[in-house]
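The chain contents come next:
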Amino acid sequence: MADYQAPLRDIRFVLNEVFDAPSLWASLPKVAEHVDPETADAILEEAGKIASGVLAPLNREGDEEGSHWNDGEVTAPEGFKEAYQTIVEGGWNGLGGNPDFGGMGMPKTLVAQFEEMMQGANMAFGLAPMLTAGACLALDAHGSQELKEKYLPNMYSGVWSGAMDLTEPHAGTDLGIIRTKAEPNADGSFSVTGTKIFITWGEHDMAENIIHLVLAKLPDAPKGPKGISLFLVPKFLVNEDGSLGERNAFSCGSIEKKMGIKGSATCVMNFDGAKGWLVGEENKGLAAMFTMMNYERLGVGIQGIGAAEASLQSAREYALDRIQSRAPTGAQQPEKAADPIIVHPDVRRMLLTMKSYVEGGRAFSTYVAQWLDIAKFAEDDDRRRHAEGMVALLTPVAKAFLTDRGLEACIFGQQVFGGHGFIREWGQEQLVRDCRITQIYEGTNGIQALDLMGRKVVGSQGKLYELFAHDVASFLESNQDNAALKPFLEPLAAAVERLDDVTEHVLAQAGDNPDAVGAASVDYLDLFGYTALAYMWARIAGAAAKQAEGDSSGFYTGKLKTARFYYERLLPKTVSLAEGIRSGSGSLMALAAGEF
Ligand SMILES: Cc1cc2nc3c(=O)[nH]c(=O)nc-3n(C[C@H](O)[C@H](O)[C@H](O)COP(=O)(O)OP(=O)(O)OC[C@H]3O[C@@H](n4cnc5c(N)ncnc54)[C@H](O)[C@@H]3O)c2cc1C
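Draft legend 1. Inspection of the site of the ligand at higher detail. With respect to spatial proximity, 19 residues lie near the ligand, and among them Thr-167, Thr-173, Phe-198, Thr-200 and Thr-444 are the closest. In the environment of the ligand, an oxygen atom lies 2.5 Å from a nitrogen or oxygen atom belonging to the side chain of Thr-173. Taken by itself the ligand offers 970 Å² of open surface, and the protein chains cover 61% of this. With respect to the detected pockets, the ligand is housed in the largest pocket. Secondary structure elements with two or more residues in the shell around the ligand: strand E3 (160–165), strand E5 (190–200) and helix H14 (445–458). Among the elements that take part in the shell around the ligand, E5 stands out by supplying three residues, more than any other. Taken together, the residues of the shell around the ligand break down into ten nonpolar, seven polar and two charged.

If you want it as structure tokens, here you go:
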């Protein structure tokens, strides 16, 4: 397996040349206070060193060793604790955090790049900083001043980590039926009782304290999602002076044996009258948790790209090295017994598909991050509201499309290795196993598709969709005389028109047929994702064309050729997706349960 190298060249291209992030940062005064291009570049450089030099070397051993459970205590795989210390020393947990409480105030467009490198290097480890940053975000947005002052500084520094406790044995997707209870105490705190399962890094030895954000129900809470509240429940109670007090009344009952991300501990957490504090308003816990979940959902999409990038790096190297058969056009390296497999069209198809998803996906996650930055930092209300709409619309696409394509890319990477891809030694099988969870947690990809189609598109009567369609339309208009983009503009316009038509079709069906949304949703999300990636590849091509002449490195010319591949070989998938969606729900619902 090739050693993971942080893809800094491409990250800089996406940030600076495709999106001109420095101009965005300069337009947002609260961001401009903290970041300029030189600072950003230094952060990327350092993040790359940590990813390649500290986290990647622990990836395989972490997978082989796994986390250990012993009588309620969890020990992370060897080396993880020291690596976590590196994250603490660099303040990486607080990179995007609120500076009022010790965060660094960096924009998401930059933080997303750090996340990609960390996840690409070691996903099992990367979950700990990712969940901590997400917990901080929810606490910062919804917690009382007192809670923020008490917990955020140590969470941003990473001395304390965060965990997210939603899932129960009988309640995963449907959180409305959770049973964990919170009883009010006389001192304003609550006693939390119940069992949570699948809690990532819910217990471990890397941080001094673990701050759990737990969903629970107050006595007499309304039934369903409207009766859920959010509580902060620390592993160790925190004294008035900030020192750690007694251990709280909850423990880790066991950790799961699982398919991938084995280095991370997936914990059963038993709360037995544990002391907790309400975050936000009573019965509004799900909304508060969504602040965290939206952040995590883009983060999970980024995990998909990170894994796919690692797989691509390794597959590319292997395809250049492995010799097998001759090129169909005749021997390319006659001095050798056979040609390197990169000469074969099918191997190229796999590598180019991976490259299309990874580099287009990196641009897409940066595009979504850009809207997150505007939504959070813009001073103008209209600009902020517009960006909030974009974030709402694009988040489920980023989570599901990037993880579905991420796994597809990892499987292609494995396939490039032939039988060796199935063998442990080369690392491809671990990437496939690790990446698989990204389609499942943080809301399965099926649920993301329902969110996109049902809540965002149909729920807004198409208004949120129009924000995206207008953005592409203004790109098309402002580039109509750009000769370099000629091959892309027409097919992009056609793809958006197809998406427009299908959106209208589903909007029309949704009123009459209760199954219409569920029947269309996954294909619709894919149709949306392939169209959005076409938009990204047009923007990438536009930026690359400016530098392509005389490009001896092949970086820019490679971009233009990959854009062509994407448009000719992958974008046409939208035609069949649209046709499938138009067939409606009939064939899906025709079978009686017994006929399965
Ligand atoms: C390794 C790992 C780490 C995790 N980390 C965490 C964590 O840190 N914190 C946490 O709280 N949870 C965590 N989870 C839980 C994870 O988020 C849930 O497993 C996931 O949300 C799905 O819930 P479920 O497993 O109960 O599946 P179910 O909800 O039972 O769903 C089963 C299937 O039915 C489908 N389905 C359900 N409802 C609908 C519907 N209305 N329409 C269409 N399809 C539907 C689902 O898409 C899925 O395919 C983790 C899970 C794993 C495996």
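On we go from here.
Draft legend 2. Layout of the pattern of salt bridges. A complete count under the given rule lists 32 salt bridges for this structure. Glu-168 is the partner of Lys-196 in a salt bridge, and the nearest nitrogen-oxygen pair spans 2.9 Å. With Lys-196 in strand E5 and Glu-168 in the loop between E3 and strand E4 (181–184), the pair connects residues that are 28 residues apart, well separated along the chain. Just as Lys-196 is buried, Glu-168 falls in that class too. In this structure, Asp-451 and Arg-455 form a salt bridge, with 3.0 Å as the shortest nitrogen-oxygen distance. Taken as a pair, Asp-451 and Arg-455 lie in helix H14 at a separation of four residues, close to a single helical turn. Using a relative accessible area of 54% as the deciding quantity, one classes Arg-455 as exposed.

Draft legend 3. Structural context of the layout of surface pockets. There is about 1100 Å³ of room inside the largest pocket. If you trace the largest pocket, you find 40 residues lining it, with Thr-167, Ile-440, Tyr-441, Glu-442 and Gly-443 closest to the centre. Elements with a contribution of two residues or more to the lining of the largest pocket: helix H8 (123–142), E5, helix H10 (285–321), helix H13 (428–436) and H14. Considering each element in turn, the lining of the largest pocket owes the most residues, six residues, to H10. For the lining of the largest pocket, a count of residues per class yields 20 nonpolar, nine polar and eleven charged. When its volume is computed, the second largest pocket comes out at roughly 950 Å³. As for the second largest pocket, its lining consists of 38 residues, and the residues nearest its centre are Gly-96, Leu-137, Leu-372, Lys-376 and Phe-377. Of all elements in the fold, only helix H7 (108–121), H8, H10, helix H11 (345–377) and helix H12 (381–416) reach the threshold of two or more residues within the lining of the second largest pocket. The element contributing the most residues to the lining of the second largest pocket is H8, with seven residues. Residues that form the lining of the second largest pocket fall into these classes: 21 nonpolar, eight polar and nine charged.

Draft legend 4. Quick peek at unusual backbone geometry. Of note in the backbone geometry, Asp-71 takes a positive phi value of approximately 50° without being a glycine. Assignment of secondary structure puts Asp-71 in the loop between strand E1 (68–70) and strand E2 (73–75). One non-glycine residue, Asn-283, lies in positive phi territory at about 65°. Note on placement: Asn-283 falls in the loop between strand E11 (266–279) and H10.

Draft legend 5. Region of interest: the environment of Phe-236. Assignment of secondary structure puts Phe-236 in strand E8 (residues 236–238). Using a relative accessible area of 21% as the deciding quantity, one classes Phe-236 as partly exposed. It is 53 Å that separates the C-alpha atoms of Phe-236 and Gly-580, two residues lying 344 residues apart in sequence. Beyond its immediate chain neighbours, meaning those up to four positions away, Phe-236 contacts Glu-208, Asn-209, Leu-244, Gly-245, Glu-246, Arg-247 and Asn-248.

Rules used throughout
Residues numbered from 1 in each chain as written. Predicted model: local features only at pLDDT ≥ 70, side-chain atom pairs only at ≥ 80, totals over all residues. Heavy atoms only, no water. Near = heavy atom within 4 Å. Polar contact = N/O pair within 3.5 Å; in protein donor to acceptor, adjacent residues only side chain to side chain. Areas by Shrake-Rupley, 256 points an atom, 1.4 Å probe, with all protein chains shown as cover. 1 Å grid on protein atoms, 1.4 Å probe; cavity = no way out; pocket = protein on both sides within 12 Å on 5 of 7 lines; lining within 4 Å. Sits in = over half its atoms within 2 Å of the grid points. Helix = DSSP H or I, 4+ residues; strand = E, 2+ residues; numbered from the N terminus. Nonpolar A, V, L, I, M, F, W, Y, C, P; charged D, E, K, R; others polar. Salt bridge = Lys/Arg side-chain N within 4 Å of Asp/Glu carboxyl O. Buried < 20%, exposed > 50% of the residue type's maximum accessible area, 1.4 Å probe, protein only. Points joined across faces, edges and corners; volume = space filled by probe spheres on them. Contact = heavy atoms within 4.5 Å.

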